[in-house]
Amino acid sequence: MPISSPLAATEPPRDCPRCPRLVALRGECRAEHPDWWNAPVHAFGDPDAWLALVGLAPGKHGANRTGRPFTGDYAGDLLFATLAEFGLSNGRYASRIDDGLRLDGAIIVNSVKCLPPQNKPTSQEIATCRPFFEAQMRVLPKVRVMIALGRIAHDAAVRAAGERLAACRFAHGAVHRLPDGRVLVDSYHCSRYNTNTGRLTPDMFADVFRAALALRDQTSGPNSSTSPR
């Protein structure tokens, strides 16, 4: 089925040529799995969101296959269950783009739009894709809180706000008040590896969302880093 983006004017083209290594992998996936999405993955969610979830990049058997962020792999199982728990979605997630799921008050935006080998984009690929991420954050004026899913997502959000990385150290549960008035909450990525090893538990992940909800109605202030209770 067609996949539309809530931020269509900011998305890269389907055959984006900017990163040669990612273009090559995209070609391999198209040859091996011609029925998959195999293209830059669009943002997903509510364009009037107050909460932005900043992801890393599409997973091969998840978003790169289905065309929707976090859809079709374990990370999506935990993420969408948590969004439902906190009233940020409507409908039932069923690991398919035609499951009717909608986000309410939240939007997912990846810092890298295309599948990278071993889920590890290079620093150059991250920088090359940054204009798309930053353009999407600019057209989300109602976003007041962001949750960064992992270090790469954290760095992208900090840079998009015009802050130095040294001023905002990534740590699970850390809260950073950014120069643009938004607040960033850090989380370990909700990957199968992190949950299987106990680095991230469902309760730890839920605590991040509790912190985001608590911060939603707070006024913005000078940049600072604290740990939520």
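(A) Representation of the overall build of the chain. The helix and strand inventory of the chain stands at seven helices and nine strands. Here the chain has a C-alpha radius of gyration of 16 Å; the compact-globule value for 229 residues is 17 Å, and the two agree. Classification of the 229 residues of the chain by burial places 53% in the buried group. Long-range pairs, those at least 24 residues apart, make up 68% of the contacts in the chain with a sequence separation of at least 6.

(B) Spatial organisation of unusual backbone geometry. The residue Asn38 is not glycine, and still its phi comes out positive at about 50 degrees. A positive phi angle, near 65 degrees, is found at Ser95, a position not held by glycine. Within the element layout of this structure, Ser95 appears in the loop between strand S3 (89-90) and strand S4 (102-103).

(C) Here's a closer look at the confidence of the model for the chain. In this model, the chain carries an average pLDDT of 94, and 94% of its residues clear a pLDDT of 70 or more. Contacts of residues 219-229 to residues separated by more than four positions or lying in other chains number 26 contacts, the stretch itself having pLDDT below 50.

(D) Fine view of the environment of Asp207. Relative to the assigned elements, Asp207 resides in helix H7 (residues 202-215). Relative accessible area serves as the criterion here: at 44%, Asp207 is assigned to the partly exposed category.

(E) Molecular detail of the packing of aromatic side chains. Inspection of the entire model under this criterion finds five aromatic pairs. It is Arg216 that lies over the ring of Trp50; its NZ or CZ is 4.9 Å from the centre.

(F) Expanded view of the side chain of Arg26. The residue Arg26 is located in helix H1 (residues 20-32) in this model. Excluding its chain neighbours within four sequence positions, the residues that come into contact with Arg26 are Arg14, Asp15, Cys16, Asn38, Pro40 and Cys114.

(G) Here's a closer look at H7. The terminal C-alpha atoms of H7, which comprises 14 residues, lie 20 Å apart, in line with the 20 Å expected from a rise of 1.5 Å per residue. Of all the positions in H7, only Phe205, Ala206, Val208, Phe209, Ala211, Ala212 and Leu215 are classed as buried. On the buried face of H7, the contacting elements are strand S2 (51-55), helix H3 (74-85), strand S6 (145-149), strand S7 (175-177) and strand S8 (183-187).

Calculation notes
- Residues numbered from 1 in each chain as written.
- Predicted model: local features only at pLDDT ≥ 70, side-chain atom pairs only at ≥ 80, totals over all residues.
- Heavy atoms only, no water.
- Helix = DSSP H or I, 4+ residues; strand = E, 2+ residues; numbered from the N terminus.
- Rg over C-alpha atoms; globule rule 2.2 N^0.38 Å.
- Buried < 20%, exposed > 50% of the residue type's maximum accessible area, 1.4 Å probe, protein only.
- Contact = heavy atoms within 4.5 Å.
- pLDDT = per-residue confidence, 0-100.
- Phe/Tyr/Trp six-rings, centres within 6.5 Å; stacked < 30°, edge-to-face > 60°.
- Lys NZ or Arg CZ within 6 Å of the ring centre and 35° of its normal.
- Expected span 1.5 Å × (residues − 1).

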